[in-house]
Amino acid sequence: MAHTFAVLGPGGVGGLLAALLSRAGHRVICLSGEETARALRATGIRVRSARFGDFTAPVEADTALREPVDACLITVKHTALDAALTRLPADPDALGDTLLVPFLNGVEHPALLRDRHRPDRVAPATIRVESTRVAPGEIEHGSPFAEIDLTGDPVPRARLDALAAVLAAAGPTTRVRDDEAATLWAKMSFLAPFALLTTRYAVPLGEVRTRHRVELTALVEEAAAVSRACGGPGDPAEALARYDAFPPATKSSMQRDAEAGRPLELDAIGGALLRAAQRHGIPVPVAEKVVRALRDAGH
């Protein structure tokens, strides 16, 4: 059965998902600026992927969503979220039964979206993938994996299961997770130390885990303590072991944004970590120091 999807922000993640869903036979409407929309209408989305093959998929493209859809995948960065949401109808009723599926870093965006839309139609997701938009409509998927965890405590389980089945059939490994807080904090507590320290020192992960090992270990322990307090997992030894298994040249997306002069998701990641720590009375001196240094550097 074919479904209709909107993809708000057809960049590295959104463009890959849009192309895979289109190739699987679904109608896909990409929402973007006019220049990108023109390019997508003319050429579709071209994907280069060792995992999914090299292919081109046709998509529709517009600057605003003008009809309800089965699901709207929100794949912008947190820094662009407010501007991107203006592409959705201002009246939540105009979205009808549309499921909003944000693929954003951080833990605070679901509450923001539920303030604007039906709370039981906001289904946060996390994705593990390396995928880059090299030009409008050109996507390079570099990782041998694309794994989605779909969640949403107030969302009917049947909706989550149905969407997960469609996504999995299109390509990405997709699982439904029961506990929204645990799902979001599992990614947040792993991402924050990696993103903050690679960006703070402008070095890849290999140098962070050797030259800055003490600071990394302390930050991992702080993030794990906050995660546990917020209902998420918190195993510092496991996180360090995962970091140690990554190729030494690995960079975080925040670090790549800093190198390119783009806005950083510092508040969505570092700021949110500090706010959660404050709410639960957990001391996080290393996180405070690193976030302050990045802010002082103009980020």
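Up top you'll find the structure we're talking about.
One finds I45 and V101 to be the most contacted residues of the largest nonpolar core, which totals 40 residues. The contacts of I45, once residues within four sequence positions are left out, are G15, A18, A19, C30, L40, F55, T56, A57, V59, G137 and I139. Membership of the second largest hydrophobic core comes to 39 residues, among which are A195, Y243, L274 and A276.

All right, on to the sheet that holds strand β6 (residues 71-74) then. With respect to topology, five strands assemble into an open sheet ordered β5-β2-β1-β6-β7, the strand pairing being parallel. Looking along the sheet, the strands with just one partner apiece sit at the ends: β5 (60-62) and β7 (99-102). Here the average twist between neighbouring strands, direction ignored, is 20°. Sheet analysis places strand β1 (residues 4-8) next to strand β2 (residues 27-31), joined by five bridges and oriented parallel. Bridging from a neighbouring strand, A6 pairs with I29 of β2. Along the sheet, helix α2 (residues 34-43) makes contact with β2 and β5, crossing β5 at roughly 165°.

All right, on to the pairing of β2 then. Among the five residues of β2, four are classified as buried, and the element is accordingly described as predominantly covered. With helix α1 (residues 12-23) bridging β1 and its parallel neighbour β2, the resulting β-α-β unit is right-handed. The pairing of β2 with β5 spans three bridges and is classified as parallel. For I29, the partnering residue across the bridge sits in β5 and is E60.

Before going further, it helps to spend a moment on the sheet that holds strand β10 (residues 138-141). With mixed pairing, four strands are arranged side by side in an open sheet as β4-β3-β10-β9. Each end of this open sheet is capped by a strand with a single partner; those strands are β4 (55-57) and β9 (131-135). When the angles between neighbouring strand axes are averaged without regard to direction, this sheet yields 25°. Contacting β3 (45-49), β4, β9 and β10, α1 runs over the sheet at an angle of about 85° to β4.

Moving on, we come to the state of the cysteines. For the coordinates displayed, the defined rule picks out zero disulfides. Note on C72: no disulfide assigned, nearest cysteine sulfur contributed by C30 at a separation of 10 Å.

Turning next to the side chain of T198. Secondary-structure assignment places T198 in helix α6 (residues 180-201). Within the local environment of T198, its side chain forms a polar contact with the side chain of S252, the two groups lying 2.7 Å apart.

With that settled, the discussion passes to the environment of T36. When you line up the elements, T36 lands in helix α2. Residue T36 is classed as buried on the basis of its relative accessible area of 15%. Distance in space between the C-alpha atoms of T36 and A135 is 9.0 Å, their sequence separation being 99 residues.

The next point concerns the pairing of strand β12 (residues 173-176). Only one face of β12 is covered, namely the one carrying T174 and V176; the face carrying T173 and R175 has none of its residues buried. Two strands pair when backbone bridges link them, and strand β11 (residues 147-150) and β12 are joined in this way by four bridges, in the parallel orientation. From the neighbouring strand, D149 faces β12, where its bridge partner is R175. Taking the sense of rotation as the criterion, the β-α-β connection linking β11, helix α5 (residues 157-170) and β12 turns out right-handed.

Conventions we followed
- Residues numbered from 1 in each chain as written.
- Predicted model: local features only at pLDDT ≥ 70, side-chain atom pairs only at ≥ 80, totals over all residues.
- Heavy atoms only, no water.
- Core = buried A, V, L, I, M, F, W, Y, C linked by side-chain atoms within 4.5 Å.
- Buried < 20%, exposed > 50% of the residue type's maximum accessible area, 1.4 Å probe, protein only.
- Contact = heavy atoms within 4.5 Å.
- Pairing = 2+ DSSP bridges.
- Helix = DSSP H or I, 4+ residues; strand = E, 2+ residues; numbered from the N terminus.
- Axes fitted to C-alpha atoms, helices over the stretch in contact; angles between N-to-C directions.
- Right-handed = clockwise from strand over helix to strand, strands pointing away.
- Disulfide = S-S within 2.5 Å.
- Polar contact = N/O pair within 3.5 Å; in protein donor to acceptor, adjacent residues only side chain to side chain.

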